[in-house]
Amino acid sequence: MSRRPSVPVIALSVVVTLLIVLVVILLARDVTGGDQPAAGSATGSAAVSDERQTSPEQAPGPESMEGIARFEEGDPMAMGPVDARVVMTVYSDFRCPFCAKFSREVEPALIEEYVDGGDLRIEWVDLPIFGEESMIAARAGRAAADQGRFWEFTEVVFADAPDRGHPDLGEEALVGYAAEAGVADLDRFRADMTGGAYDEAIRSDYQAATALGATSTPTFLINGTGIVGARSVETFRTVIDSSLDG
């Protein structure tokens, strides 16, 4: 698998955090929801951003995601080409109802309009913030990914999620979702989900996300521009089109 050269994460963290804060200050309308960690969580709250104000000639390219996105060929937790002109990282938790809202109402349109045409790459980043079941579900997602069914698994889990509140995602429920998603070897899936092989990678995702200021779900970075919460597809189109036109 190929990987692009990285940029120091600390410097990128500062830049991205400033971008998110700037967008928050300029744009404070059309807030449709985001999910905060439970009380007592080690994570804090994140600001809410909205549509992009940068003019097309100022819009950053995918190089702004160096050191943030993985840019790995064959990444089972990503969709779209590595060399897409727009790269979006999605910081998500399987127990987050607003992540489910994005999956059901926004993501399909983005896939049809941008991913399928090669203009957009979407990369999932684990941000499990709602307790042990969030961690188990993150392991389950990676277990499905190892059998080539990650996006099918996310679709099934989020299709069954409530509009509000956090679903119960115990071991048996997750195995059921895996079966529905077409995961072939359910015994292997269960063993991978209940083991600790993925924990270091999940913790790495979590730490990278919080270092960038992503402390609620869902949070998105699109060529360096932050969006927090369940927003309309038009909000995402505005940011993506700005980068494509830049």
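Fair warning: this is a prediction, and the values are worked out from it, not measured in the lab. (Residues numbered from 1 in each chain as written. Predicted model: local features only at pLDDT ≥ 70, side-chain atom pairs only at ≥ 80, totals over all residues. Heavy atoms only, no water.)

This part covers the sheet that holds strand β2 (residues 86-92). The strand order across the open sheet formed by five strands is β1-β3-β2-β4-β5, and the pairing between neighbours is mixed. Of all strands in the sheet, those with a lone pairing partner are β1 (78-79) and β5 (225-228), marking the two edges. (Pairing = 2+ DSSP bridges. Helix = DSSP H or I, 4+ residues; strand = E, 2+ residues; numbered from the N terminus.)

This part takes up empty space enclosed by the protein. A probe as big as a water molecule, rolled over the atoms, marks out the empty space that is left. Summed over the entire model, instances satisfying the criterion amount to two cavities of 30 Å³ or more. Considered as a void within the structure, the largest cavity measures approximately 70 Å³ in volume. Lining the largest cavity, in full, are Val-90, Ser-92, Cys-99, Phe-102, Ser-103, Glu-107, Trp-124, Trp-151, Thr-154, Phe-158 and Pro-218. Of all the secondary-structure elements, those providing two or more residues to the lining of the largest cavity are β2, α2 (97-105) and α5 (150-159). (1 Å grid on protein atoms, 1.4 Å probe; cavity = no way out; pocket = protein on both sides within 12 Å on 5 of 7 lines; lining within 4 Å. Points joined across faces, edges and corners; volume = space filled by probe spheres on them.)

It is worth spelling out unusual backbone geometry at this point. Here Thr-217 and Pro-218 are connected by a cis peptide whose omega angle stands at -5°. Of note in the backbone geometry, Phe-71 takes a positive phi value of approximately 55° without being a glycine. Tracing the sequence through the fold places Phe-71 in the loop between α1 (9-26) and β1. You will see that Asn-223, though not glycine, has its phi angle at about 45°, which is positive. Among the structural elements, Asn-223 can be located in the loop between β4 (219-222) and β5. The class for Asn-223 is buried, based on a relative accessible area of 0%. (Buried < 20%, exposed > 50% of the residue type's maximum accessible area, 1.4 Å probe, protein only.)

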